[in-house]
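Read off the chains here:
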Amino acid sequence: MRPFDYIGGSLSAGPVRLADVAAEVGTPVYVYSADAIEAAYREFEAALAPARICYAMKANGNLAVLRLLAGLGAGADVVSEGELRRALAAGIPPEKIVFSGVGKTDAEMEAALRSGILQINCESASEVRSLSRIASRLGLTASVALRINPDVDAGTLDQISTGRKTDKFGVAWTEAPVLFREAAGLPGLSMEGIAVHIGSQLGELEPYRRAFRRVAELARMLAADGVAIRRLDLGGGFGIRYRDETPLPLAGYAKVVEEEVGGLGCELVVEPGRRLVGPAGVLLARVVAVKETPARRFVIVDAGMNDLVRPMMYGAWHDILPLAAPPEGAEYRPADVVGPVCETTDKFADERLLPPLEAGDLVAFCEAGAYGAVMASTYNGRPLVPEVLVRGGRFDVVRARPTFEEDLALERLPEWLRGPDGGG
Ligand code: LLP
């Protein structure tokens, strides 16, 4: 069953009518289906076991989402101390956490070491040396994977490709053998793995094959030198359907993994983000006004680029569905769907064919569970968008909409700007 479908003319998550969520929590609001996240996780497990699934929580770091995944057995791929603390707070055991990221600070590496996580993925010679120094100072040993840059074009959007030699990520595969050998001799490090991640929203298997082949070559070369690799972290990138794409076939992916690295006898890690949560979420918004100008028809909604930035940042497509099913034979007309933010780029869709909509109507932006709420901001003085989790027939607010007072609470006036009463 699709995570969100019309039941009795009303777009619903299972038995929960999304209009009821909007009425109770207000708009804009993200709504996630726990059942859909669970189903996506099970699909991964079935296709890739016994690989470890370390959820790339940058896609959606909500505590309830993390707790749900932790309960299913997921680990986490984290990229900051904030994410590490969130993962631990959600109950993901440290021995299931990997720490990725191109620019870890000393403080972050120390936090990772102190919490005893499974693996730290290093992305440069300088990071390897810093980690050795920090681990030695703490009297700890870091389990390390070296992230290589395989110089493979993932064939996805330019902005979310990470594995070409001109991208900032990883250590050039040509330089990895030398660095790996150097690292193997440094104190405080246990060099255990090779990591790779070539980009996000991949639809094709071939780029994975090319990247994994380079990983296998490196593992074999190191083994011949007496440096045994015990773990391969194959990253994420599993594409989903936003418009008309075919989701990356997981069975085909598993076959590529088996063919390219299966013979190495290594433990495997995968880091899916989008695929676990993207299709399981929608952003609900209310139409504020419909404005017809001589040139265009604008549907103005109460969600903006600060709430869901993917269309503006990547030109990404999100289906837009009215919560009330359009009547049979409704006339679809093109409209620009825009937010209230004072930027021309605050536009979700250009001349999108939509059924009749008027002020007060509710719409859903689909496939918004990944890289939605996590990328939200408060631009234009708009409070961060709240989040709701649906399970079976119930729904719960899992992140409240901050109040305007809370939004102001972190800010201080310097003494010289305060009024005579000490206040604002
Ligand atoms: N592992 C690493 C090291 C990553 O950098 C990423 C994503 C993942 C795993 C998870 O990739 P996924 O399975 O979700 O494709 N904001 C962009 C996507 C950025 C992805 C960043 N890294 C978007 O909205 O499309």
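Keep in mind the model is a prediction, meaning the values are calculated, not measured.

### Quick notes on the overall build of the protein chain
Across its full length, the protein chain holds twelve helices and 21 strands. Compactness check: the protein chain gives a C-alpha radius of gyration of 23 Å against a globular reference of 22 Å for 424 residues, within 12% of the reference. Along the first, second and third principal axes, the C-alpha set of the protein chain runs to 70 × 65 × 40 Å. Counting every position in the protein chain, which comprises 424 residues, the buried fraction comes to 52%. Accessible area for the protein chain stands at about 18,600 Å²; split by element, carbon and sulfur atoms hold 53% of it. Seen as two clouds, the 46 positive and the 57 negative side-chain charges of the protein chain have centres 3 Å apart.

### As for a nonpolar patch on the surface
A surface patch of nonpolar side chains, amounting to about 370 Å² of accessible area, comprises L413, W416 and L417. You can see L417 is positioned in the segment after α12 (404–409).

### Section: helix α5 (residues 106–115)
Turning to α5, its buried residues are E108, M109, E110, A111, A112 and L113. In this structure, the buried residues of α5 make contact with α4 (81–89), β7 (97–99), β8 (119–122), α6 (125–138) and β9 (142–149). G116 lies just past α5 and shows a positive phi near 70 degrees.

### Some points on the nonpolar core
Side chains of nonpolar character tend, in soluble globular proteins, to be buried together. Among the nonpolar cores identified, the biggest contains 109 residues, and I194, F212, Y253 and F365 are the most heavily contacted of them. With eight residues, the top contributor of residues to this core is helix α8 (residues 206–224). Taken domain by domain, this core gets at least three of its residues from each of domain 1 (5–30 + 278–409) and domain 2 (101–270). Excluding residues that lie within four positions of it along the chain, F212 makes contacts with V196, L234, Y253, V256, V257, E260 and V261.

Cut-offs used in this document
Residues numbered from 1 in each chain as written. Predicted model: local features only at pLDDT ≥ 70, side-chain atom pairs only at ≥ 80, totals over all residues. Heavy atoms only, no water. Helix = DSSP H or I, 4+ residues; strand = E, 2+ residues; numbered from the N terminus. Rg over C-alpha atoms; globule rule 2.2 N^0.38 Å. Buried < 20%, exposed > 50% of the residue type's maximum accessible area, 1.4 Å probe, protein only. Areas by Shrake-Rupley, 256 points an atom, 1.4 Å probe, with all protein chains shown as cover. Lys, Arg positive; Asp, Glu negative; His and termini not counted. Charge placed at Lys NZ, Arg CZ, Asp CG, Glu CD. Patch = residues over 30% accessible without salt bridge, like charges linked within 9 Å, V, L, I, M, F, W, Y side chains within 5 Å. Salt bridge = Lys/Arg side-chain N within 4 Å of Asp/Glu carboxyl O. Contact = heavy atoms within 4.5 Å. Core = buried A, V, L, I, M, F, W, Y, C linked by side-chain atoms within 4.5 Å. Domains from an automatic or database assignment.

Limitation: the analysis is restricted to geometry and does not speak to function.
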